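Close look at the chain arrangement
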Amino acid sequence: MKELIDRLIREYGNDVMLASNGAVTVRKMFLQLVTSKSWQNMERMFPTGGEVPRGQFLFIATLDTPIEGSDTILMDDRVFIVRRADRVVFHNERLFIWGLAVEGGRTDPWVT
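Residues numbered from 1 in each chain as written. Predicted model: local features only at pLDDT ≥ 70, side-chain atom pairs only at ≥ 80, totals over all residues. Heavy atoms only, no water.

**Describing the overall build of the chain**
Secondary structure summary: the chain contains 1 helix and 8 strands in total. Secondary structure elements in the chain, listed N-terminal to C-terminal, are α-β-β-β-β-β-β-β-β. Here the chain, with 112 residues, has 34% of them falling under the buried criterion. Long-range contacts, defined as pairs at least 24 residues apart, comprise 52% of the intrachain contacts of the chain with a sequence gap of at least 6. (Helix = DSSP H or I, 4+ residues; strand = E, 2+ residues; numbered from the N terminus. Buried < 20%, exposed > 50% of the residue type's maximum accessible area, 1.4 Å probe, protein only. Contact = heavy atoms within 4.5 Å.)

Below you can see the structure in the form of structure tokens.
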């Protein structure tokens, strides 16, 4: 299963620049807003992930991605600050990294 997930991320993920521990690398990952401006229309509880606060972006990366909290992701001329990065384990096998990020430089992501 890990190989399939790795292949999907590498083939279909977005190119991002990742600043982690003083190094900047180009990586592939999925990065997507998980809530919307119409908060009442969104499900904010994820059964295995807990509650997701407003304005959060979900990312999924391969296990070899050196990412942790407070790292920076640059994608599509936007800067994101990593708030959480966890390895997802299924049947005692680490499969991928799941995490949350917020768009940097803005205090309220809903202000336009």
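Let's pick the thread back up.
**Notes on the pairing of strand β8 (residues 93–103)**
Of all the 11 residues making up β8, 9 are buried; the element is thus mostly covered by neighbouring parts of the structure. With 6 bridges connecting them, strand β5 (residues 56–61) and β8 associate as antiparallel partners. The residue bridging Gln 56 from the neighbouring strand is Val 102, located in β8. Strand direction decides the pairing type here: strand β7 (residues 78–90) and β8, joined by 10 bridges, are antiparallel. Within β8, the residue paired with Ala 85 across the bridge is Gly 99. (Pairing = 2+ DSSP bridges.)

**Quick look at the environment of Arg 83**
Inspection of the secondary structure assignment puts Arg 83 in strand β7. Expressed as a C-alpha distance, the spacing of Arg 83 and Phe 57, which sit 26 residues apart in the sequence, is 9.7 Å. Contact partners of Arg 83, with chain neighbours within four places excluded, come to Leu 100, Ala 101 and Val 102.

**A closer look at the sheet that holds strand β1 (residues 14–20)**
Strands sit in the order β1-β2-β5-β8-β7-β6 around a closed barrel of 6 strands; the barrel is antiparallel. Geometrically, the sheet is characterised by an average inter-axis angle of 45° between neighbouring strands, direction not taken into account. With 4 bridges connecting them, strand β6 (residues 72–75) and β7 associate as antiparallel partners. What sits directly across from Met 75, in β7, is Arg 78. (Axes fitted to C-alpha atoms, helices over the stretch in contact; angles between N-to-C directions.)

**A short note on the nonpolar core**
Formed by 15 residues in total, the largest nonpolar core has its most connected members in Met 29, Leu 31, Phe 59, Ile 67, Ile 73 and Phe 80. Elements with a minimum of two residues in this core: β1, β2 (23–33), β5, β6, β7 and β8. If we skip the residues at most four places from it in the chain, Ile 73 touches Val 16, Met 17, Leu 18, Met 29, Leu 31, Phe 59, Ile 67, Arg 78, Val 79, Phe 80 and Val 82. (Core = buried A, V, L, I, M, F, W, Y, C linked by side-chain atoms within 4.5 Å.)

**Remarks on a nonpolar patch on the surface**
Together, Met 17, Val 24, Val 26, Leu 74 and Val 79 make up an exposed nonpolar region whose accessible area comes to about 410 Å². Structurally, Leu 74 can be placed in strand β6. (Patch = residues over 30% accessible without salt bridge, like charges linked within 9 Å, V, L, I, M, F, W, Y side chains within 5 Å. Areas by Shrake-Rupley, 256 points an atom, 1.4 Å probe, with all protein chains shown as cover. Salt bridge = Lys/Arg side-chain N within 4 Å of Asp/Glu carboxyl O.)

**Describing the confidence of the model for the chain**
Confidence in the prediction for the chain averages 83 pLDDT; 75% of positions are at 70 or higher. Averaged pLDDT values over the elements of the chain bottom out at 52 in strand β3 (residues 45–46) and peak at 96 in helix α1 (residues 2–12). For residues 107–112, every residue scores under 50 in pLDDT, and the model assigns this stretch 9 contacts once sequence neighbours within four places are set aside. (pLDDT = per-residue confidence, 0-100.)

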